[in-house]
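Each chain, written out:
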Amino acid sequence: MALQCYGPTGKSWASPSEESGGKSDTGFLLSIIGEWVVLYRLNRLSLVFGLLLCLVPNAAALAHAILETSQPAEGAAVPAGDIEIILSYNSRIDPARSAVTLTMAGKTVSKLTLTPGDAPNIVRSTAHLAAGKYVLHWQVLSLDGHITRGQVSFNVTGS
Ligand SMILES: [Cu+2]
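Keep in mind that what you see is a predicted model, and the values were worked out from it rather than measured. (Residues numbered from 1 in each chain as written. Predicted model: local features only at pLDDT ≥ 70, side-chain atom pairs only at ≥ 80, totals over all residues.)

Participant: Outline the environment of Pro72, listing residues and values.
Facilitator: If you trace the backbone, Pro72 turns up in the loop between β1 (67-71) and β2 (77-79). Along the sequence, Pro72 and Glu84 sit twelve residues apart, while their C-alpha atoms lie 7.7 Å from each other. For Pro72, the residues in contact, after removing those within four places along its chain, are Val78, Ile83, Val152 and Phe154. (Helix = DSSP H or I, 4+ residues; strand = E, 2+ residues; numbered from the N terminus. Contact = placed C-beta atoms within 7 Å.)

Participant: Please give an account of the sheet that holds β2 that cites residues and values.
Facilitator: One open sheet holds the five strands; their spatial order is β2-β9-β8-β4-β5, and the pairing between them is mixed. Every other strand in the sheet has two partners, leaving β2 and β5 (107-112) as the edge strands with one partner each. The average undirected angle you get between the axes of adjacent strands in this sheet is 35°. The pairing of strand β8 (residues 132-142) with strand β9 (residues 147-157) spans ten bridges and is antiparallel. Bridging from a neighbouring strand, Lys133 pairs with Asn155 of β9. (Pairing = 2+ DSSP bridges. Axes fitted to C-alpha atoms, helices over the stretch in contact; angles between N-to-C directions.)

Participant: So what about the sheet that holds β1? Which residues, and what values?
Facilitator: What holds strands together in a sheet is hydrogen bonding between their backbones, with the strands either parallel or antiparallel. The sheet built from four strands is open, its strands ordered β1-β3-β7-β6 with antiparallel pairing. With one partner strand each, in any of the chains shown, β1 and β6 (115-116) form the two edges of the open sheet. Direction of pairing for strand β3 (residues 81-89) relative to strand β7 (residues 122-129): antiparallel, over a ladder of eight bridges. Within β7, the residue paired with Asp82 across the bridge is His128.

What follows is the structure, given as structure tokens:
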């Protein structure tokens, strides 16, 4: 509602030039600059509004992708071999623009190929792993266009 006051039609660009003959160019220029300033402020306003949406807890819960559960779970021990990896988030994510990497002792072991899970908030993958301490680094894109990251540490035990 308040935004309508600043709309492009709020102050006419044409009227100053029509009324005063000599000053027309400067008047027109000034009004254009005025519009630019207003547009710039509106952009900043929407930016601030977007940021606020992400800061307010309830809104963030609907927007940011937060890892809710994982398989393997944090700190879990799983037997070596084919390991199923399932990451479940609080909101819908885009598997095509998300990435999961496995590291061991800070070195990348493999970049996992993600497949959509049973629900739009789940991604899954499989990895054939030998015994060792692994860290799974995930990065996902949620519907609000924000990327969130995190990691899950787990152990693979020898057979
Ligand atoms: Cu967000």
